[in-house]
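# Results of the structural survey
As a plain string of letters, each chain reads:
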Amino acid sequence: MSLSVRTRFAPSPTGYLHVGGARTALFNWLFAKHHGGDFILRVEDTDAARNTEEARAAIFEGLKWLGLDWEGPENEGTCGPYYQSQRGSIYEEYFEKLLAADRIYQDDGAWRFRFERKEMTMNDLVCGEVTIDYRDESNTPDMAIRRSDGSFVFHFVNVVDDLTMGITHAIRGEDHLMNTPKHLQLFEALGATPPAYAHIPLILNGDGSKMSKRDEGAALGDYPQRGFTPEAVVNFLALLGWSPKDENEIFSITELVEKFTLESVNRAPARFDPEKCRWVNQQHLLKMAPADFVAACQSEASPEMLLSIQEKISLLSEVPEAVSFYLDPDYPIADEALNKVKGNALAPALLEQLTETFRTLDDWSQAKARISESAKASGAKTGQLMFPLRIALSGKSGGPDLGAILEILGKEECLRRLKRFTSLLA
């Protein structure tokens, strides 16, 4: 395939960036980058009554957060982002071409495009061969392309934009599939070559229902606040309708660009799984370099504290709670955990013995090794001491490795916490 591939994402700035739109943008971006081509951003902002600056900003911010750069002034490139509201003269020019070719006529003030009455067959790169029979005028009436108020209809401006921008591949949602034969007729009437079309599967909820704006995961803008990383969200979105030829599921953006093909896009609808999204995010957090993870946490906790929880969280939003026991000398102790320790009759004596062992320890790096020795000296199993110690030092039944907690808190703070906790067991 040549290096002249050009794809586009054409959102309307009338609401937040939906995860389905973000996935469409991603597939177009991946395809363009895979072939060394251009990814164009085209803002369909002709509906002045519904357009908002807030929605436009959300689209731009969402794409930038995902790392989907487009060619144009926003990043000092050479083309786009385009605004349909600024392209009126171009639409007028192509309207006049249809008028001169006698392919449009007025009907109650509106202008309709006269379909050529024949079968239209398209070879979609995902859905395969699709045929629409335009010989039956009752089922395929001529299409309005300009309203009585002078504004142009989506079908017309979409075709003119793709034509004048040199779009080679139009990758869009399956809900547009039946629009494509109409667009092909417009391309024919204008004597132009249409792009190759690829209609990607819709995204459904886990129960098979259509994903609405209110459903979990629908708004891309929620993901940063919920603690997802852009790399993980890109990875997860790519898996919604596309699958590689191997068993791997965790990919960097570079790897996705290398592997992405339309041949690997599934025909069946994709199912959105919030838990899978969290798992993908967790895998990306685990793969982060230490410095990158610390920077991503944006926390007042020390790097050592943050790195001790890297394997314990799924979302960056969990960081404050995960490190809170380090930073709060009066950290709360979970009632359930405290009661469980109280149910261990050996716990007070075991903790008293360990406290004494710690107090006389000169080399604090050996503290974790002394836990097992202290338990055995008291005739107990290591596990009978490990859990009470964890609760004593953190107030939680889960969390970082005990060795890391001991090292980070240091000898004096560990002794203070042990004394505080054992007083609660009396």
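Time to look at the sheet that holds strand S1 (residues 6-9). Taken in spatial order, the 3 strands of this open sheet run S1-S2-S3, and their pairing is parallel. Taken across any chain shown, the strands that pair with only one partner, and hence form the sheet edges, are S1 and strand S3 (82-83). Bridge count for S1 against strand S2 (residues 38-43) is 4 bridges, and the pairing is parallel. Paired with arginine 6 across the bridge in S2 is aspartate 38. In the packing of helix H2 (residues 53-66) onto the sheet, the strands contacted are S1, S2 and S3, and the crossing angle to S2 comes to about 165 degrees.

This paragraph deals with the nonpolar core. Judged by nonpolar contacts, the single largest core of 82 residues is most densely connected at Leu26, Leu63, Leu98, Phe113, Phe156 and Trp242. Considering every element that reaches this core, the biggest residue donor is helix H1 (residues 19-34), with 9 residues. Ignoring any residue separated from it by four or fewer positions in sequence, one finds tryptophan 242 in contact with Phe27, Phe251, Leu256, Lys259, Phe260, Thr261, Ser264, Val265 and Asn266. Counting 45 residues, the second-largest nonpolar core is a separate cluster that includes Val323, Ile333, Leu354 and Ile391.

Here the focus is the pairing of strand S5 (residues 110-113). Across 4 bridges, the pairing between strand S4 (residues 104-107) and S5 is antiparallel. By the bridge assignment for S5, tyrosine 105 is matched with arginine 112. Linking S4 to S5, which pair antiparallel, is a turn of 2 residues; within it aspartate 108 sits at a positive phi near 55 degrees. Relative to strand S8 (residues 143-146), S5 runs antiparallel, the two sharing 3 bridges. Within the sheet, the bridge partner assigned to tryptophan 111 lies in S8 and is arginine 146.

Moving on: unusual backbone geometry. Among all residues except glycine, the phi angle is most often negative; among peptide bonds, the trans geometry is most common. Of note, the phi angle at aspartate 108 is positive, near 55 degrees, even though the residue is not glycine. Among the structural elements, aspartate 108 can be located in the loop between S4 and S5. The exposed category is assigned to aspartate 108, whose relative accessible area is 77%. Unlike most non-glycine residues, glutamine 298 shows phi in positive territory, near 50 degrees. As for its position among the elements, glutamine 298 is in the loop between helix H10 (290-297) and helix H11 (303-308).

Turning our eyes to something else, we now look at the sheet that holds S8. Pairing within the open sheet is antiparallel, and its 3 strands lie in the order S4-S5-S8. Strands at the two margins of the open sheet, each flanked by one partner only, are S4 and S8. Each strand axis lies, on average, 45 degrees off the axis of its neighbour in the sheet, ignoring direction.

Of all 10 residues making up helix H5 (residues 180-189), 8 are buried, and the element is well covered by its neighbours. Within H5, the full set of buried residues consists of Thr180, Pro181, His183, Leu184, Gln185, Leu186, Phe187 and Ala189.

Alignment of strand S6 (residues 119-124) against strand S7 (residues 128-133), held across 6 bridges, turns out to be antiparallel. Bridging from a neighbouring strand, asparagine 123 pairs with glutamate 129 of S7. The turn linking S6 back onto S7 is made up of 3 residues.

Attention shifts here to the state of the cysteines. Scanning all chains against the criterion turns up 0 disulfides. Left unpaired, cysteine 277 is separated from the closest cysteine sulfur, that of cysteine 297, by 18 Å.

Where helix H16 (residues 382-394) contacts helix H17 (residues 402-425), the two axes come as close as 8 Å, and the packing angle between them is 80 degrees. In terms of orientation, H16 and H17 fall into the roughly perpendicular class. Contacts between H16 and H17 involve Met386, Pro388, Leu389, Arg390, Ile391, Ala392 and Leu393 on the former and, on the latter, Leu402, Ile405, Leu406, Leu409, Cys414, Arg417, Leu418 and Phe421.

In this structure, lysine 342 sits in helix H13 (residues 335-342). Assessed through its relative accessible area of 47%, lysine 342 is described here as partly exposed. As a C-alpha pair, lysine 342 and cysteine 277 span 65 residues in sequence and 38 Å in three-dimensional space. Excluding residues within four positions of it along the chain, lysine 342 makes contact with Leu424 and Leu425.

Attention now goes to the side chain of glutamate 44. Structurally, glutamate 44 can be placed in the loop between S2 and H2. Put simply, glutamate 44 is tucked away with no salt bridge, and the nearest opposite charge, on arginine 42, sits 4.2 Å away. Glutamate 44 has contacts with Ala10, Pro11, Ser12, Pro13, Asn51, Gln84, Phe154 and Asn158, leaving out every residue within four places of it along the chain.

With that settled, the discussion passes to the packing of H1 against helix H7 (residues 230-238). Relative orientation of the contacting elements H1 and H7 amounts to 85 degrees, with a least axis distance of 10 Å. Comparing the axis directions of H1 and H7 gives the class roughly perpendicular. In contact with Val19, Ala22, Arg23, Leu26 and Phe27 of H1, H7 contributes Val234, Leu237 and Ala238. Class assignment for the residues of the contact of H1 with H7 results in 7 nonpolar, no polar and 1 charged.

It is worth spelling out the packing of aromatic side chains at this point. Counted by the stated rule, this structure contains 14 aromatic pairs. With a centroid separation of 5.2 Å and 55 degrees between ring planes, the pair formed by tyrosine 223 and phenylalanine 228 is classed as tilted. Side by side, tyrosine 223 and phenylalanine 228 carry an identical accessibility label, which is buried. Geometrically, the ring pair formed by phenylalanine 358 and tryptophan 364 is edge-to-face, given 5.0 Å between the ring centres and 70 degrees between the ring planes. Both residues of the pair, phenylalanine 358 and tryptophan 364, count as buried. Ring pairs connect the aromatic residues Tyr91, Phe95, Trp111, Phe152 and Phe156, which therefore count as one cluster. Sitting above the plane of the tyrosine 223 ring, arginine 226 keeps its charged end 5.5 Å from the centroid.

What counts and how
Residues numbered from 1 in each chain as written. Predicted model: local features only at pLDDT ≥ 70, side-chain atom pairs only at ≥ 80, totals over all residues. Heavy atoms only, no water. Pairing = 2+ DSSP bridges. Helix = DSSP H or I, 4+ residues; strand = E, 2+ residues; numbered from the N terminus. Contact = heavy atoms within 4.5 Å. Axes fitted to C-alpha atoms, helices over the stretch in contact; angles between N-to-C directions. Core = buried A, V, L, I, M, F, W, Y, C linked by side-chain atoms within 4.5 Å. Buried < 20%, exposed > 50% of the residue type's maximum accessible area, 1.4 Å probe, protein only. Disulfide = S-S within 2.5 Å. Parallel < 35°, antiparallel > 145°, perpendicular 65-115°, else oblique. Lys, Arg positive; Asp, Glu negative; His and termini not counted. Salt bridge = Lys/Arg side-chain N within 4 Å of Asp/Glu carboxyl O. Nonpolar A, V, L, I, M, F, W, Y, C, P; charged D, E, K, R; others polar. Phe/Tyr/Trp six-rings, centres within 6.5 Å; stacked < 30°, edge-to-face > 60°. Lys NZ or Arg CZ within 6 Å of the ring centre and 35° of its normal.

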